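Below, each chain spelled out in residue letters.
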Amino acid sequence: MEHKAKSIRPFIGSENYEVSRSFYRDLGFTEHVLSHNMSYFETDGFGFYLQDAYVKDWIDNTMVFMEVEDVHRFYKELLALNLTSEYETAKLIPVKELEWGRECFVIDPSGILWHFGEFY
């Protein structure tokens, strides 16, 4: 089977939709409002759908991996955004060196775990 895919766009939820929208704009994503309860956030042709929907088990088990060119530079830029000051429940976890590469982590205001990684 030949996919010829053009993109892959996960759907993620939010506990507080307006807070999450603001968080992802502050994180550097461009928002495209699709309806009163859904937006598409993108950067460099990659993106995801944010929904005004909260199911705790779903949110608590959602992880998204985004490959970046230089995870150390990316982490420094994350720190400069002061997201944890602006968003009380957001968390940043420093870069970890792993056998396959390196990554840092962001937990969004709803609890979604983002992996930002760089492969060796």
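Residues numbered from 1 in each chain as written. Predicted model: local features only at pLDDT ≥ 70, side-chain atom pairs only at ≥ 80, totals over all residues. Heavy atoms only, no water.

Novice: Could you give an account of the nonpolar core, naming the residues involved and the relevant values?
Specialist: Membership of the largest hydrophobic core comes to 26 residues, with the highest contact counts inside it found for Tyr-24, Leu-78, Trp-114 and Phe-116. Per element, the largest residue contribution to this core is four residues, and it comes from helix α3 (residues 71-80). Residues contacting Leu-78, with those up to four places away along its chain left out, are Leu-27, Leu-83, Leu-92, Cys-104 and Val-106. (Core = buried A, V, L, I, M, F, W, Y, C linked by side-chain atoms within 4.5 Å. Buried < 20%, exposed > 50% of the residue type's maximum accessible area, 1.4 Å probe, protein only. Helix = DSSP H or I, 4+ residues; strand = E, 2+ residues; numbered from the N terminus. Contact = heavy atoms within 4.5 Å.)

Novice: Tell me about the pairing of strand β5 (residues 63-67), and name the residues and values.
Specialist: Of the two faces of β5, the one holding Val-64 and Met-66 is buried and the one holding Met-63, Phe-65 and Glu-67 is not buried anywhere. Relative to strand β8 (residues 113-119), β5 runs parallel, the two sharing five bridges. Its bridge partner being in β8, Val-64 is matched across the sheet by Trp-114. (Pairing = 2+ DSSP bridges.)

Novice: Break down the pattern of salt bridges for me, citing the residues and quoting the values.
Specialist: When their charged atoms lie close together, side chains carrying opposite charge are able to pair. This model, assessed by the stated rule, comprises eight salt bridges. The closest approach of N and O atoms between Lys-4 and Glu-2, which form a salt bridge, is 3.9 Å. A relative accessible area of 66% places Lys-4 in the exposed class. Between Glu-18 and Arg-21 there is a salt bridge; the shortest N-O distance is 2.9 Å. (Salt bridge = Lys/Arg side-chain N within 4 Å of Asp/Glu carboxyl O.)

Novice: Mind laying out the sheet that holds strand β7 (residues 101-107), listing which residues take part and the relevant values?
Specialist: The sheet built from four strands is open, its strands ordered β5-β8-β7-β6 with mixed pairing. Edge strands, defined here as strands with exactly one partner in the open sheet, are β5 and β6 (91-97). Each neighbouring strand pair of the sheet contributes to a mean axis angle of 20 degrees, computed without reference to strand direction. In terms of strand pairing, β6 meets β7 through five bridges, oriented antiparallel. (Axes fitted to C-alpha atoms, helices over the stretch in contact; angles between N-to-C directions.)

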